[in-house]
Amino acid sequence: MDIQENVSLRHLNTFGIDARAQYYTEIHSSAELQETLRHWKGSTPFVLGGGSNILFTGDVGRLVIRNRIKGREAVRRQAGKAWVAAGGGENWHEFVLWCLDEGLGGIENLSLIPGTVGAAPIQNIGAYGVELRDVFHSLEAIELSTGMEHAFGREACQFGYRDSVFKGPFRGHYCITRVVFELTTGPHQIHSSYGAIKEILAARGITDPTIRDISEAVIAIRSSKLPNPVQIGNAGSFFKNPEIPQQQFDGLLERFPDIVHYPAGEGLVKVPAGWLIEQCGWKGQRFGDAGCYEKQALVLVNYGQASGKDILQLAQKIVDSVDEKFGVRLMPEVNVV
Ligand code: EPU
C-alpha cells in the first residue's frame with residue numbers, strides 16, 4: 001500500500017482546480033482496494049474516477065483513492081447480443097471506441113463523454129437520446145466502510161435523469177470496480193433522431209448510418225459545442241435541465257413564447273437550462289478566470305487559475321438570476337465537494 005501525503009489533484013479533475021488531497025493512493029484491482037481499506041485507519045476514503053464531474057471547493061482532508069482498475073472483455077455472446085464487462089478505472093471514451101472496433105453497438109451516442117466506466121452509472125450518463133441505463137446490465141462495487149463486494153442489478157441502481165442510488169442514499173459509500181453492459185452484435189438499433197445528429201448525417205450524405213457513423217457525428221457535435229477540458233477546465237453541463245410542472249410551464253410560455261421545451265412525461269416539461277442561462281445574459285461572460293462558456297451556456301469554465309469557490313460563486317449568481325427571471329431553481333449536475 002503506497003499512500004502519499006499532500007498531493008495536488010489539479011491534473012486529476014477536468015475543472016483543473018488546484019485542490020489537495022491530505023492522503024492519496026491508486027488502486028489497480030478489487031483485491032488491492034480491499035487490502036488498502038483493511039489497513040486504512042482514518043475516516044472513509046473518497047473515491048476519484050476521471051474527475052470529470054466534480055468541483056473541488058477546498059482541499060480534501062481524507063484519503064483520496066483513484067480507481068485505476070482496467071480490463072474489458074465480452075463475457076457472453078448470444079442471439080445478436082453481447083455482455084461486456086469493463087473495469088471501473090477504464091477511460092469511458094476509450095471503452096466506447098473499443099466496443100466499436102469489436103462491432104458492438106449501444107453506447108456510440110455516448111462517445112467522447114469524459115470520465116471513467118466506474119463513474120458512468122453514478123450519474124447515469126446520457127447524451128443524444130441514449131442513457132447508460134438503456135445498456136446497463138449490472139455492476140460490482142466495494143463498500144468502503146467494510147471492504148465487502150456487492151453486486152447491483154438495474155433495479156437496485158435506481159437510475160433517474162443524471163441520477164442513481166450512488167448519488168443519493170449510497171453517495172460516497174462505494175467504489176464501482178466493474179460494470180457489465182448489454183450490447184448488440186447486430187443488427188444494431190440506431191439512435192439518430194436528435195436534431196444535431198440528423199443534420200450532420202444529412203450533410204455527410206449518410207442515409208443508412210452505422211454505429212461508427214453515429215459515433216463520429218456525436219464526436220463532431222461535442223467537439224464543436226463543448227470545451228475540451230485539456231484546453232479549458234470544465235466538467236460538462238454544470239446544471240441539470242429542470243423538469244417543471246405543466247401548469248408552471250404554461251405560465252412561462254405566456255410570458256416567454258419562444259421558450260425551448262420538451263415533454264418530460266407525467267405532466268412535466270423539460271426546459272434546457274442552457275436556454276434559461278443564455279436568456280439571463282450569462283453566455284460568454286467571464287469574471288477573472290471563471291466563466292460561462294461562449295458556445296454552451298450550461299457549461300461553466302475555468303480559464304486557468306479559478307478556484308472552486310470562484311466557480312461556485314458564479315454558479316450561485318446564475319441560479320439566483322434564473323430564479324428571479326423565470327421562477328425556476330437550477331440544480332447542479334456536477335458533484336460539489
Ligand atoms: N440552448 C440554448 N443556449 C445554450 C445552450 C443550449 O439556447 O447556450 C438550448 C438550445 O435550444 C438547444 C437546447 O438548449 O437546442 C439543448 O441544448 P444541447 O443540445 O446542447 O443539450 P443540453 O440540454 O444543453 C444535454 C445534456 C448534455 C448532453 C446534451 C445532448 C444535461 C444536463 N446535459 O445538454 O450532457 O450532451 O443534452 O444530449 O442533461 C453533461 O451531462 O455533462 C452533458 C454534456
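I will try to describe carefully the structure that is included in this document. Small disclaimer: the values here were computed from a predicted structure and weren't measured.

Thresholds, definitions, all that
Residues numbered from 1 in each chain as written. Predicted model: local features only at pLDDT ≥ 70, side-chain atom pairs only at ≥ 80, totals over all residues. Heavy atoms only, no water. Helix = DSSP H or I, 4+ residues; strand = E, 2+ residues; numbered from the N terminus. Buried < 20%, exposed > 50% of the residue type's maximum accessible area, 1.4 Å probe, protein only. Polar contact = N/O pair within 3.5 Å; in protein donor to acceptor, adjacent residues only side chain to side chain. Phe/Tyr/Trp six-rings, centres within 6.5 Å; stacked < 30°, edge-to-face > 60°. Lys NZ or Arg CZ within 6 Å of the ring centre and 35° of its normal. Pairing = 2+ DSSP bridges. Contact = heavy atoms within 4.5 Å. Axes fitted to C-alpha atoms, helices over the stretch in contact; angles between N-to-C directions. Disulfide = S-S within 2.5 Å. Expected span 1.5 Å × (residues − 1). Arc of directions from axis to C-beta.

**Topic: unusual backbone geometry**
And then number 1: Cis peptide bonds are those with omega within 30 degrees of zero, and the linkage from G186 to P187 qualifies with -5 degrees.
And then number 2: For P187, the location among the structural elements is in the loop between β12 (174-184) and α4 (195-203).
And then number 3: Phi angles above zero are rare outside glycine, and L112 is one such case at about 65 degrees.
And then number 4: Even without glycine at this site, Y128 takes up a positive phi of about 50 degrees.
And then number 5: Residue placement: Y128 occurs in the loop between β8 (126-127) and β9 (130-131).
And then number 6: The buried category is assigned to Y128, whose relative accessible area is 12%.

**Remarks on the environment of N302**
And then number 1: Within the element layout of this structure, N302 appears in strand β19 (residues 299-302).
And then number 2: For N302, a relative accessible area of 4% translates into the label buried.
And then number 3: Considering only alpha carbons, one finds N302 and E73, 229 residues apart in sequence, at a separation of 37 Å.
And then number 4: A distance of 3.4 Å separates a polar side-chain atom of N302 from the backbone oxygen of G16.

**Remarks on the packing of aromatic side chains**
And then number 1: Scanning the model with the defined rule gives 18 aromatic pairs in all.
And then number 2: Put simply, the rings of W92, F95, W98 and F181 pair up and form one aromatic cluster.
And then number 3: Seen from the ring of F287, K317 lies directly overhead, with NZ or CZ sitting 5.3 Å from the centre.

**Considerations on the sheet that holds strand β17 (residues 286-287)**
And then number 1: The four strands are arranged β13-β19-β18-β17 in an open sheet whose pairing can be described as antiparallel. In this open sheet, the two edge strands, each paired with only one partner strand, are β13 (233-237) and β17.
And then number 2: Relative to strand β18 (residues 290-292), β17 runs antiparallel, the two sharing two bridges. Pairing of F287 across the sheet is with A290, part of β18.
And then number 3: Relative to β19, helix α8 (residues 308-326) is tilted by about 150 degrees, and along the sheet it contacts β17, β18 and β19.

**Points about the state of the cysteines**
And then number 1: One pass over the structure, following the stated rule, counts zero disulfides.
And then number 2: Not part of a disulfide, C175 finds its nearest cysteine sulfur in C157, a span of 14 Å.
And then number 3: C280 supplies the cysteine sulfur nearest to C292, a cysteine that is in no disulfide, at a spacing of 10 Å.

**So, the sheet that holds strand β5 (residues 60-67)**
Paired through backbone hydrogen bonds, the strands of a sheet run either parallel or antiparallel to each other.
And then number 1: The mixed open sheet is built from four strands, whose spatial order is β1-β2-β5-β3. Two strands in the sheet have a free side with no partner beyond their single neighbour: β1 (4-8) and β3 (46-48). Put simply, the sheet's adjacent strands are angled 45 degrees from each other on average, direction ignored.
And then number 2: Pairing between β1 and strand β2 (residues 20-27): four bridges, direction antiparallel. Counterpart to S8 in the pairing with β2 is R20.
And then number 3: Across the sheet, helix α1 (residues 30-39) touches β2 and β5, and the angle it forms with β2 is around 140 degrees.

**Looking at helix α5 (residues 211-225)**
And then number 1: Here α5 contains 15 residues, and its C-alpha end-to-end distance of 21 Å stays within 8% of the 21 Å for a straight helix at 1.5 Å per residue.
And then number 2: Among the residues making up α5, those that are buried are I211, D213, I214, S215, A217, V218, I221 and R222.
And then number 3: Structurally, α5 contributes buried residues whose contacts are with α2 (92-101), β8 and α4.

**As for α1**
And then number 1: All of the buried residues along α1 are L33, T36 and L37. Around the axis of α1, the buried residues are gathered within 95 degrees of arc, so they sit on the same side. The outward face of α1, more than 90 degrees from its buried face, is lined by the exposed residues A31 and R38.

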